[in-house]
Amino acid sequence: MPDKRHVEVSINGETYSGEVEPRLLLSDFIRHEAGLTGTHVGCEHGVCGACTIQLDGEAVRSCLLFAVQADGRQVRTVEGMTEGLPEGELHPLQQAFHETHGLQCGFCTPGFLMSLEPVLLEEGELTDREIRERLAGNLCRCTGYQNIVAAVKLARERVSAPASGANED
Amino acid sequence: MGRPSRRREDPRLLRGEGRYVDDIDLRHQLHASFVRSPHAHARVISIDASAALERPGVRAVFTGADLVGEIGQAPMVWHPKDTEVLVPDSWPLLRDRVACVGAAVALVLADRRYEAEDAAEAVEVGYELLPVSAHPLEALADDAPLVHPEFGTNVCFETSMGGGDLDAGFAEADVILERTIVNHRIAAVPIEPRGALAEPRGDRVALWTSTQNPHLARTYITRQLGWDEDRLRVIVPDVGGGFGCKANVYGEETLVCWCAAKLGRPVKWIESRSENLISTNHGRAQTDEVRIGARSDGTITALQIRVIADLGAYHLMFTPFIPATTAVVASGCYAIPALRTDTVGVFTNTFSIDAIRGAGRPEGAHIIELMIEQVAAELELDPVEIRRRNFIPKEDFPAQMPHGPVYDSGDYHGSLDVLLEHLDLEGFRRDQAEARERGVYRGVGFATYMEACGIAPSKIAGPSGNGLDFSMWESAVVRVGTDGAVTVQTGVCPAGQGHETTFAQLVADRVGTDPSRVKVVWGDTDAIPNGMGTAGSRSIAVGGEAAALAADRVVAKARQIVAEVLEASPEDVELADGRFAVRGSPDRSMTLTEVARAAYITDEMPEEFEPGLEASCFFDPPGFVHPFGAHAAIVEVDTETGRIEILRYVAVDDCGKVINPTLAAGQVHGGIVQAIGQALLEKIEFGPDGQPLTTSLLDYALPTAAELPDLELDRTETPSPVNSLGAKGIGEAGTIAGTPAMVNAVTDALRPLGVEFINMPLSPQAVLEALRDGARDAAPSAS
Ligand code: FES
Ligand code: FES
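Just so you know, these numbers come straight off a predicted model, no measurement behind them.

Visitor: What's the story with the domain arrangement of chain B in this structure? I'm lost.
Guide: The parts lose accessible area when they come together, and the size of an interface is often stated as this lost area. Residue and element names in this part refer to chain B. Under the domain assignment used here, chain B contains domain 1 (10–130 + 194–270), domain 2 (282–455 + 623–778) and domain 3 (474–619). For domain 1 versus domain 2, the separation of C-alpha centres amounts to 36 Å. On the domain 2 side, the residues contacting the 21 residues of domain 1 number 23 residues. Split by residue class, the side of domain 1 that touches domain 2 holds 16 nonpolar, five polar and no charged.

In structure tokens, the structure reads:
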């Protein structure tokens, strides 16, 4: 039995601790130890982006990290996006995905949300091309990406003009 | 109906509250890991699991020998009339001999997934290598190594479909062209790989599996295990995309059920991405030898195709059936008086071919749409004009085709007209000519497609027709509860298409309530006794129609109830604007909620009244539906690097009546991008020794957002007469139209440089090679 190491990872503000094998992937820790299954695994070799989370505020692929590398650090997952919002409300990016039909099977979606959340805060205009480049690290097999581009545009509009944020289902 | 309602499945998926099979962990579950053949063809001499069994957490190792008498052959469900199909022995764990890389020979069960994977590597298998036929054309050679020596041939089956007088057709032709069109092997690559979790429950087993087809899974898994069907409950959680590859029933699913029953513990298997690329079905893999004849005005007089279909080594459920469907749509939108398709299915030492989005029809559309532009170029005709000359005219529908099929409805000129409105073809031709002056090569390619879907009318597709072993009707139950809320149970099974939303819309429409009051239930064989799943763009045209007809039966009973309560005759009760009203006296009316109350609290109803308000329906469609449309791609080819940029992609699709236009458009987007993927990037490759070379997403490249344009979509609407919804299917349209549009566009761009014909995938290397060959062919002194 390989040696185990103690880790404490803060996920969405809550601490999850445990004894883990050094080779345990962060994606598996999040999903199967912490039980937060919103983060998905589509390839385990760093290509599809389904496992994207934010580590200390930066979007990273959790299948390319070991759980021990997140020891003492802050992880944000899709489950954290609606924290602090009134019951039933979605994060502006989630709401935009909903309104533009930016998801079909939803398997890639949490990874896109984690990758794209920081894009909402980027200053200045982004052309469609530039938005498409921001998307290029995540794979989606269902949507052809078009409505995800539309979702990013809509969410950016709303975030820069917060008063107009319609939020009905 | 017809409204772009937002999806009700979205909020939970967006919050990370979706529940896919790997999100379910059960107490005491074991994890399965497979030992798979690393060789394309070998005799299995020995399997030594002793080292694996010593490893931590390992509970059991099973090999093919353990399954003898326990698990039957893998299912294959196509037995066409008058055609012999060779069926090789195939078990979930192979014995004695393996004929492709990725075939499973042993299974390790351990407490944790990592332990199972480590132990699988510790299983020692002795192999004696056998000669390999990795390529279908080589496999057809006289002295080719045999994939299954017991058959004495690599030809699995041969079948023909055709009609009209081919000789006369070619005799009439002013020009005859021959081309070999390669439709290379691809993978479906849903972002969620496959996975299955089986739990023993007393005598029964519950199976969660990522499938498009829970009922076929129940039927064929229990058949393999020799169990009563009812012993297995199949539950489909959220599914992260299917695209055909999850329409099958796979050995891994059967094995986790068997292991769970045998060991009395839950057993889970989650496919890795490399397994998904190696040992989940591939698709296409055809070499199509085509001969077409036309008069000098462009009228096509004859079409002859030889489909050489690589089948892989073993049959999955529909393996031989897929290439045979190419023949059905071979003539596309055109009135071709004589055609014939001869299909030969060939065994190779590779993993199985089966359905991927379109499943035989993209190959057919690719053939005819490439050939029509080849003929146009040869005769110096406009590619639009030649299509118009050959289209089946609108008045001819339902159109009886010389090779057998009847096309339900169509307006091929109509969709092409709308496409041209969007395209500004003249403007593009000017731009193209100007750009050429500057050494910039742009091209436009068209695809006016027609496909056959809504599987399936049992008279045509069933055992006595085209030889599927079962009938592909669909079933539905519509139940109005005591509070007036409606539940729809359907046998179709979405993998992201949004049926929870569309089925609620269409049933709400029929019963006169708001979609928010309709709940849709699917994907649990205990809750829904019968179904045929989601495949072949059948969900709305067959499953939706079953739900609509069940809803009509509910409405018929509701009218009786209203008549009873309001003392009118049932014929005088009308449903409009959500109220059941007595004709001529609109103040005498009831809502569905009031009707439901009367249906369940029945003390004042007549003696013979049967309480309740629900109905079921099995719908077996009278015919296939035939969606169609016109697509165009505009590309720019960098002749230095071979890189292709898509400048525009315009698509006009006609899938009859649409339930939810937003969702329909989403299907088209996804389908087109999958086709663009095949046209430019995606290819499953094998070495001459049958070793797969594309085993990760680094080698098998999917399109990303960065290389795609905004797709421009429009629709026309030609209702289908074969169901009351007027609906056709939209799930596969984009995949069917996309590859020929792309290839035609690149060919159009490069024609001035001597490129007349080019095969997919249009990698930079392939483009540069075509340019080199084109320059050589064009040079008069070439030797
Ligand atoms: S699962 Fe991490 S990138 Fe695919
Ligand atoms: S929505 Fe299915 S993979 Fe993106």
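That was the structure; now back to the text.
Visitor: Teacher, can you tell me more about the sheet that holds strand E19 (residues 474–480) of chain B here?
Guide: For sheets, the rule is that strands pair by backbone hydrogen bonds, running either parallel or antiparallel. All names here are of chain B. Spatial strand order, E21-E20-E19-E25: four strands in an open sheet with mixed pairing. Of all the strands in the sheet, just strand E21 (518–521) and strand E25 (614–619) have a single pairing partner and so form its edges. When the angles between neighbouring strand axes are averaged without regard to direction, this sheet yields 15°. As defined by bridge partners, strand E20 (residues 486–490) adjoins E21 across four bridges and the pair is classed as parallel. The residue bridging Val488 from the neighbouring strand is Val520, located in E21. In the packing of helix H17 (residues 539–566) onto the sheet, contacts are made with E19, E20 and E25, and the angle to E25 comes to roughly 145°.

Visitor: Got a minute to help me understand the pairing of E21(B) in this structure?
Guide: The two faces of a sheet get side chains in turn, since along a regular strand they alternate between them. Across the two faces of E21(B) the burial differs, with Val518(B) and Val520(B) buried and Lys519(B) and Val521(B) not buried at all. Note on the crossover from E20(B) through helix H16 (residues 499–511) of chain B to E21(B): the handedness is right-handed.

Visitor: Is there a simple way to explain the interface of chain A and chain B in this structure?
Guide: Counting from both sides, the interface comprises 45 residues of chain A and, opposite them, 46 residues of chain B. Taken together, the residues of the side of chain A that touches chain B sort by class into 20 nonpolar, 17 polar and eight charged.

Visitor: Explain unusual backbone geometry to me, please; I cannot follow it from the model alone.
Guide: Glycine aside, negative phi is the norm for most residues, and most peptide bonds take the trans geometry. Residues and elements named next belong to chain B. The residue after Phe397, namely Pro398, is reached through a cis peptide bond having omega -5°. On the secondary structure map, Pro398 appears in the loop between helix H12 (383–390) and strand E16 (399–400). The step from Ile455 to Ala456 runs through a cis peptide bond, and the omega angle for that step is 0°. Along the chain, Ala456 falls in the loop between strand E18 (441–450) and helix H15 (458–461). At Glu380, a position not held by glycine, the phi torsion is positive, near 55°. Structurally, Glu380 is set in the loop between helix H11 (361–379) and H12.

Visitor: What exactly am I supposed to notice about the packing of helix H19 (residues 661–680) of chain B against helix H20 (residues 733–750) of chain B here?
Guide: In a packed pair of helices, the relevant descriptors are the angle between the two axes and the axis-to-axis distance. Residue and element names in this part refer to chain B. Interaxial distance between H19 and H20 falls to 7 Å at its minimum, and their mutual angle equals 40°. Taken together, the axes of H19 and H20 are oblique relative to one another. Between H19 and H20 lies a crossing of right-handed hand. For the pair H19 and H20, contact is made by Val668, Gly670, Gly671, Ile672, Gln674, Ala675, Ile676, Gln678 and Ala679 and by Ala733, Gly734, Thr735, Gly738, Thr739, Met742 and Val743, respectively. Residue classes in the contact of H19 with H20 are distributed as eight nonpolar, eight polar and no charged.

Visitor: Any chance you could explain the sheet that holds strand E5 (residues 104–110) of chain B here in plain terms?
Guide: Residues and elements named next belong to chain B. Read from one edge of the open sheet, seven strands run E3-E5-E1-E12-E9-E10-E11, paired in mixed fashion. Each edge of the open sheet is held by one strand with a lone partner, namely strand E3 (58–63) and strand E11 (232–235). Within this sheet the neighbouring strands show an average axis-to-axis angle of 20°, counted without direction. The sheet contact formed by strand E1 (residues 30–36) and strand E12 (residues 267–270) spans two bridges and is parallel. When the sheet's bridge partners are listed, His31 is paired in E12 with Lys268. Across the sheet, helix H8 (residues 251–263) lies against E1, E3, E5, strand E9 (195–201), strand E10 (204–209), E11 and E12, angled at about 25° from E9, the strand it touches most.

What counts, and at which threshold
Residues numbered from 1 in each chain as written. Chains lettered and ligands numbered in written order. Predicted model: local features only at pLDDT ≥ 70, side-chain atom pairs only at ≥ 80, totals over all residues. Domains from an automatic or database assignment. Contact = placed C-beta atoms within 7 Å. Nonpolar A, V, L, I, M, F, W, Y, C, P; charged D, E, K, R; others polar. Pairing = 2+ DSSP bridges. Helix = DSSP H or I, 4+ residues; strand = E, 2+ residues; numbered from the N terminus. Axes fitted to C-alpha atoms, helices over the stretch in contact; angles between N-to-C directions. Buried ≥ 20, exposed ≤ 12 C-beta atoms within 10 Å, placed from the backbone. Right-handed = clockwise from strand over helix to strand, strands pointing away. Parallel < 35°, antiparallel > 145°, perpendicular 65-115°, else oblique. Left-handed = near helix turned anticlockwise from the far one by under 90°.

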